[in-house]
Amino acid sequence: MNNFKVSVQETSNNAIVKFELNQFITKHQSFEFNNIDEAKASPLAQQLFYLPFVKKVYITSNFIAVERYNIVEWDDVKDEMAEQIETYLNDGGVVVEETNAPKKVPVTVYAESTPNPSVMKFVANKKIVTTLFEFTSIDDAKLSPLATELFHFPFVKSVFIDENYVSITKYDMAEWQDINIELREFIRSYIENGKDVVLPEAVDALKKSTDQLDSQFENLDDTSKEIVNILEEYVKPAVASDGGNIQFISYDAESKNVSVMLQGACSGCPSSTYTLKSGIENMLKQMLPGKVNMVEAING
């Protein structure tokens, strides 16, 4: 059963609105249609063009952008349109006809070193997932066909997947100079062939959906919410650039201790302890005076 959810996102152009999906709707491909005749390959776009205010439709991996004519304002129609798209997809509606879609999309992947010598980051020129995932064994990678296949390489210890990259942790038995090209080409070919990086049900099954994350956040106490917001704004972008992630686990109001989980390249990184103490801990102490004594981390 399909379980698509659509959220409305405004853009810098007030004539264009994005309808973001919680899972991918194309095989890493993008399509632009200027009218209903051009949209013959896309039953979804054709349906949208029946709405008299639709001027242009742009479909990509996990969102649909629609440009409107000035006969309406988005505030009057965007929620109804989001519901229409969601219903269409959950009823099994076709986004783009396979026979009319290109079989492959050009994909490039480059390897990037990280502060952790055991981890290499493989960056694609396409968005490959809608949220982050970490798999530490082939057993817990059942919802990710890509991670499952990567674990068949004997030197792959763990797999961390974020928006447009895969961070791989290797065992010491291999050197990057010997396996780098093989892994990079494997990932590039896998994405180019339009295979599922994670299964559609993975987001909900692993409690990664927007609704689930929002619910978890709302159940936190006020100090924990402040900590999460600080980590999201000031810390996560930096660690993501290094191929990793930091995830809030808990806050003890009595001891004033914060627990976080290090994932991807941050997990087991020689410099992570220094980063944790001199960076994150000091930042939280300064931004939340009197509320934080210590930050401790567990590896993902």
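Calculation rules
- Residues numbered from 1 in each chain as written.
- Predicted model: local features only at pLDDT ≥ 70, side-chain atom pairs only at ≥ 80, totals over all residues.
- Heavy atoms only, no water.
- UniProt positions renumbered as here; feature names shortened; annotations may be inferred.
- Core = buried A, V, L, I, M, F, W, Y, C linked by side-chain atoms within 4.5 Å.
- Buried < 20%, exposed > 50% of the residue type's maximum accessible area, 1.4 Å probe, protein only.
- Helix = DSSP H or I, 4+ residues; strand = E, 2+ residues; numbered from the N terminus.
- Contact = heavy atoms within 4.5 Å.
- Salt bridge = Lys/Arg side-chain N within 4 Å of Asp/Glu carboxyl O.
- Pairing = 2+ DSSP bridges.
- pLDDT = per-residue confidence, 0-100.
- Expected span 1.5 Å × (residues − 1).
- Bend = angle between axes of the 7 residues up to and from the residue.
- Axes fitted to C-alpha atoms, helices over the stretch in contact; angles between N-to-C directions.

Where an unreviewed UniProt entry is consulted, the protein chain appears under the name NifU family protein, with the organism given as Hwangdonia seohaensis. Listed in UniProt under the heading Sequence similarities (unreviewed entry), the comment for the protein chain reads: "Belongs to the NifU family."

Quick one: what's the story with the nonpolar core, residue by residue and with numbers?
Among the nonpolar cores identified, the biggest contains 32 residues, and Leu-150, Ile-161, Val-166, Ile-168 and Leu-183 are the most heavily contacted of them. Listed by contribution, the elements that provide at least two residues to this core are strand S7 (119-124), strand S8 (133-135), helix H3 (145-150), strand S9 (156-162), strand S10 (165-170), helix H4 (176-192) and helix H5 (202-205). The element contributing the most residues to this core is H4, with six residues. Among residues more than four places away in sequence, those in contact with Val-166 are Met-120, Lys-121, Phe-122, Ile-128, Leu-146, Leu-150, Val-159, Phe-160, Ile-161 and Ile-187.

Let's hear about the pattern of salt bridges: which residues, and what values?
The tally for this structure, following the rule as stated, stands at 13 salt bridges. Here Glu-20 ties to Lys-18 by a salt bridge, and the two come within 3.6 Å at their closest N and O atoms. On the basis of relative accessibility, which here comes to 25%, the residue Glu-20 falls in the partly exposed class. In this structure, Lys-56 and Glu-32 form a salt bridge, with 3.5 Å as the shortest nitrogen-oxygen distance.

Could you give me a rundown of the pairing of strand S1 (residues 6-10), with the residues and numbers involved?
Here five bridges tie S1 to strand S2 (residues 16-21), and the two strands are oriented antiparallel to one another. Bridge pairing in S2 places Glu-10 opposite Val-17. Counted along the chain from S1 to the antiparallel partner S2, the turn is five residues long.

Give me the lowdown on the confidence of the model for the protein chain, citing residues and values where you can.
Caution applies to low-pLDDT regions: their predicted coordinates should not be interpreted in detail. Scored by pLDDT, the protein chain has a mean of 86; 90% of the residues are at 70 or more. The weakest mean pLDDT in the protein chain belongs to helix H6 (residues 210-218) at 71; the strongest belongs to H3 at 96.

Which residues make up the environment of Leu-146, and what are the values?
Structurally, Leu-146 can be placed in helix H3. A relative accessible area of 0% means that Leu-146 is categorised as buried.

Describe helix H7 (residues 222-241), listing the residues and the values that go with them.
With 20 residues, H7 extends 28 Å between its outermost C-alpha atoms, agreeing within 8% with the 28 Å of an ideal straight helix rising 1.5 Å per residue. Its maximal kink placed at Val-235, H7 deviates by approximately 50°, while the proline Pro-237 follows within four residues. Within H7 the residues assigned to the buried category are Thr-223, Ser-224, Lys-225, Ile-227, Val-228, Ile-230, Leu-231, Val-235, Lys-236 and Val-239. Once H7 finishes, Gly-243 follows within two positions and takes phi at roughly 85°, a positive value.

Describe the sheet that holds S10, and please don't skip the residues or the numbers.
If you walk across this open sheet you meet the five strands as S6-S7-S10-S9-S8, and the pairing is antiparallel. Lying at the two open borders of the sheet, with one neighbouring strand each, are strand S6 (109-113) and S8. Along the sheet, successive strands turn relative to each other by an average axial angle of 20°, direction set aside. Pairing between S7 and S10: five bridges, direction antiparallel. From the neighbouring strand, Val-123 faces S10, where its bridge partner is Tyr-165. Against the sheet, H4 engages S6, S7, S9 and S10, with an angle of about 30° to S7.

Describe in detail the sheet that holds strand S5 (residues 63-68), supporting the description with residues and values.
Ordered in space as S1-S2-S5-S4-S3, the five strands form an open sheet in which the pairing is antiparallel. Taken across any chain shown, the strands that pair with only one partner, and hence form the sheet edges, are S1 and strand S3 (31-33). Adjacent strand axes in the sheet meet at a mean angle of 20° when their direction is disregarded. Note that strand S4 (residues 54-59) and S5 share five bridges and pair antiparallel. Looking at S5, one finds that Lys-56 is bridged to Glu-67.

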